[in-house]
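Chain by chain, the residues:
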Amino acid sequence: MDLSQETEDYIRESMEYSVGLPVSTQTLQLKLRASEESLIRLRNQYLYLQAKLKDKDETIDRTRAESSINAVALKKFVEENQRLAVECSNLLAQCKRWERECSLYDHDREALMDFGNEADERAKEAEIRVHDLEEEVRKFSEELHFYKCQYETQVDDTATDNASMEQNLLDNLLETVIGRDDAASTAHAFLEANSGIEVCQRLLTKWKQLKPSTQKVIALVAEVNTLQKDKENLRINLHKAEDEVNVLFEQNNVLDEANKRLIRLYQKEKHTPGSGGKPSSGKCSHGNKRKSSPKISSPVEGKLDFSENAPWTYSADDLRPLFQKYGTVHDIEVAMYNKTRSRGLVFVTMGTHEEAKAVLENLEAYELEGRPLRLAWAKPKTKKPSSPPPSKPLPVHNLFIANLHFEARSRDLMDFFKDNGANVVSAEVIFNDNPRRSAGYGFVSLNTKEEADTALSSLDGKEFMGRPIRVAHSKRFLREGTKKTIESQEQPSELISVAE
């Protein structure tokens with residue numbers, strides 16, 4: 001390798017200096033300069049290594065900080081995952097609770113529908129009873145007016161010697177109409193009950209001078225007055241029944257809206273991302289629709305029942321195209337509250353059992369105007385067992401008891417009469433419905449007319465449970481009960497009767 005002359009001289013002099021030979025000043029200066037250059041290179045290398053070490057420390061600190069941040073983030077992620085798991089379990093429990101609430105709402109709505117049907121039947125019976133009473137009162141009024149006019153005409157047209165004959169005819173007529181031995185006591189009790197009226201007071205003062213026909217006319221007026229009161233009570237009960245049906249209808253609407261809201265919430269929870277798009281209960285897509293309980297029906301008839309949820313505005317013609325897709329529709333019957341309002345209950349009769357089965361499989365949970373249809377086999381109509389012919393009532397004499405305490409019950413009334421020496425056959429306190437409370441009057445039956453007259457004279461105006469009662473003869477015939485009814489007080493309005 002070729003070296004420069006300067007380098008060769010420096011090497012040679014260094015060797016000579018090492019063996020103790022004298023070295024020139026230039027050589028020493030060169031060595032000093034080389035040493036300084038070497039020192040500078042070492043210092044520069046030291047500074048470079050120190051800077052690099054500082055960079056490494058910064059990198060280590062930065063890595064440590066990133067590791068700490070990653071650890072905190074990992075901890076937060078674990079906590080968030082645990083929180084999501086708790087929320088998921090809470091959502092599953094809430095979903096199950098909503099399912100139970102939906103079933104309870106459906107059960108309550110069915111019970112309300114049954115109660116509404118019973119209220120409709122009671123209202124119809126009350127309406128029929130009111131109509132019968134009005135007709136009876138009208139007939140009595142017409143007969144009374146007719147006989148009154150006939151009597152006045154005959155008095156004006158006939159001579160004095162015929163007056164006795166006309167009076168006899170009128171007496172016979174009243175005897176035919178009234179036909180009771182207790183007409184006088186009934187008329188007397190009516191006048192005493194209305195003694196505040198001037199006419200009644202005057203008739204009471206002349207009671208002994210009144211003719212039997214006049215007493216029977218007063219008894220007829222008392223019966224008409226009783227019928228008017230019964231008519232008014234029946235009208236009030238009819239209005240109460242109508243109000244009760246309206247309240248049930250509003251409650252049914254509220255329950256229906258609540259049921260729809262719960263179904264929507266359940267569907268929303270069922271399709272949340274946390275559940276993977278599957279319902280928590282593991283049912284099919286229709287699992288949130290509550291099906292009606294299986295109903296037994298003759299498969300030959302092919303009759304289906306929209307147990308509920310049919311749109312109230314739909315008629316039979318509106319529903320027919322929906323079912324004609326699956327076969328021949330023989331009949332569609334829409335249950336109605338009245339002439340204009342549907343119950344939401346429909347019966348469909350298909351041509352065959354297979355067609356009805358196809359309808360049941362394809363239209364179950366089908367939504368019609370936002371309402372999921374619910375179908376099931378219709379129940380066959382069961383015939384009510386024929387009741388035995390009513391037995392003829394025993395000949396008893398009845399008393400009407402007014403101004404009763406509202407806490408009085410049939411048992412109390414019977415005991416009161418027995419304690420005062422009356423041989424009571426039966427006793428009844430009349431109750432109003434909604435709210436259920438005593439009407440303030442009742443009836444007591446005795447075996448003979450003499451016993452009834454004795455009880456009337458001794459107990460009329462006597463204090464019973466802090467109130468003076470009013471007693472009068474009554475035409476009403478009471479039911480005959482049993483000893484078990486006497487001992488039971490669970491139903492206060494039930495007739496108490498002794499059969500001996």
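First, a word on what this report is: a plain description of the structure on this page.

Procedures and definitions
- Residues numbered from 1 in each chain as written.
- Predicted model: local features only at pLDDT ≥ 70, side-chain atom pairs only at ≥ 80, totals over all residues.
- Heavy atoms only, no water.
- Helix = DSSP H or I, 4+ residues; strand = E, 2+ residues; numbered from the N terminus.
- Contact = heavy atoms within 4.5 Å.
- Areas by Shrake-Rupley, 256 points an atom, 1.4 Å probe, with all protein chains shown as cover.
- Buried < 20%, exposed > 50% of the residue type's maximum accessible area, 1.4 Å probe, protein only.
- Arc of directions from axis to C-beta.
- Axes fitted to C-alpha atoms, helices over the stretch in contact; angles between N-to-C directions.
- Left-handed = near helix turned anticlockwise from the far one by under 90°.
- Nonpolar A, V, L, I, M, F, W, Y, C, P; charged D, E, K, R; others polar.
- Pairing = 2+ DSSP bridges.
- Phe/Tyr/Trp six-rings, centres within 6.5 Å; stacked < 30°, edge-to-face > 60°.
- Core = buried A, V, L, I, M, F, W, Y, C linked by side-chain atoms within 4.5 Å.
- Patch = residues over 30% accessible without salt bridge, like charges linked within 9 Å, V, L, I, M, F, W, Y side chains within 5 Å.
- Salt bridge = Lys/Arg side-chain N within 4 Å of Asp/Glu carboxyl O.
- Lys, Arg positive; Asp, Glu negative; His and termini not counted.
- Charge placed at Lys NZ, Arg CZ, Asp CG, Glu CD.

1. Some remarks on the overall build of the protein chain
Helices and strands together make up the secondary structure of the protein chain, namely 11 helices and 13 strands. In the protein chain, the proportion of contacts linking residues at least 24 apart, taken out of those at least 6 apart, comes to 66%. If you sum the accessible surface of the protein chain, you get close to 32,600 Å²; carbon and sulfur atoms cover 54% of it.

2. Quick notes on helix H9 (residues 410-419)
For H9, the set of buried residues is Ser410, Leu413, Met414, Phe416 and Phe417. Each buried residue of H9 sits inside an arc of 160° when the element is viewed along its axis, so together they form one side.

3. Some details on the packing of helix H4 (residues 183-193) against helix H6 (residues 212-270)
What describes two packed helices is the angle between their axes and the distance between those same axes. Look at H4 against H6: their axes get within 8 Å of each other, and the N-to-C directions meet at 65°. Both H4 and H6 take part in a crossing whose hand is left-handed. Contact with H4, carried on its side by Ala183, Ala184, Thr186, Ala187, Phe190 and Leu191, involves Gln215, Lys216, Ile218, Ala219, Val221, Ala222, Glu223 and Asn225 of H6 and no other residues of that element. Split into classes, the residues belonging to the contact of H4 with H6 amount to 9 nonpolar, 3 polar and 2 charged.

4. Some remarks on the pairing of strand S12 (residues 470-474)
In terms of burial, S12 is a largely internal element, 4 of the 5 residues being buried. Here strand S7 (residues 397-402) runs beside S12; their pairing, made up of 5 bridges, is antiparallel. In the sheet register, leucine 399 faces S12, and the bridge partner there is histidine 473.

5. Let's talk about the packing of aromatic side chains
Each aromatic ring pair is characterised by the separation of its centres together with the angle its planes make. What the rule picks out here adds up to 6 aromatic pairs. With a centroid separation of 4.6 Å and 40° between ring planes, the pair formed by phenylalanine 416 and phenylalanine 464 is classed as tilted. Remark: phenylalanine 464 occurs in strand S10 (residues 463-464) and phenylalanine 416 occurs in helix H9; sequence separation between them is 48 residues. Both residues of the pair, phenylalanine 416 and phenylalanine 464, belong to the buried class.

6. Digging into the nonpolar core
Within the largest apolar cluster, 22 residues are counted, with the highest numbers of intra-cluster contacts made by Leu399, Ile401, Leu413, Phe417 and Val444. Of all the secondary structure elements, the ones that give two or more residues to this core are S7, H9, strand S8 (424-432), strand S9 (437-446) and helix H10 (449-459). Sequence-distant contacts of isoleucine 401, that is, excluding residues within four places in its chain, are made with Leu413, Phe417, Gly440, Tyr441, Gly442, Val444, Ile469, Arg470 and Val471. Counting residues in each nonpolar core, the second largest holds 17 residues, with Leu322, Val329, Leu368 and Leu373 among its members.

7. Regarding helix H8 (residues 353-363)
Among all positions in H8, only Glu355, Ala356, Val359, Leu360 and Leu363 are buried. On an axial view of H8, the arc spanned by its buried residues comes to 140°, and they lie on one face. H8 presents Glu354 and Glu361 as exposed residues on the side facing more than 90 degrees away from its buried surface. Immediately beyond the C-terminal end of H8, within one or two residues, lies alanine 365, with a positive phi of roughly 70°.

8. Focus on the environment of glutamate 101
Relative to the elements of secondary structure, glutamate 101 occurs in helix H2 (residues 25-157). Remark: the alpha-carbon pair of glutamate 101 and asparagine 259, spanning 158 residues in sequence, is separated by 8.7 Å.

9. Topic: a negative patch on the surface
Together, Asp114, Glu118, Glu121 and Glu125 give the surface a local cluster of negative charge. Mapped onto the elements of the fold, glutamate 118 is located in helix H2.

Shape is all these values report; function is a separate question.
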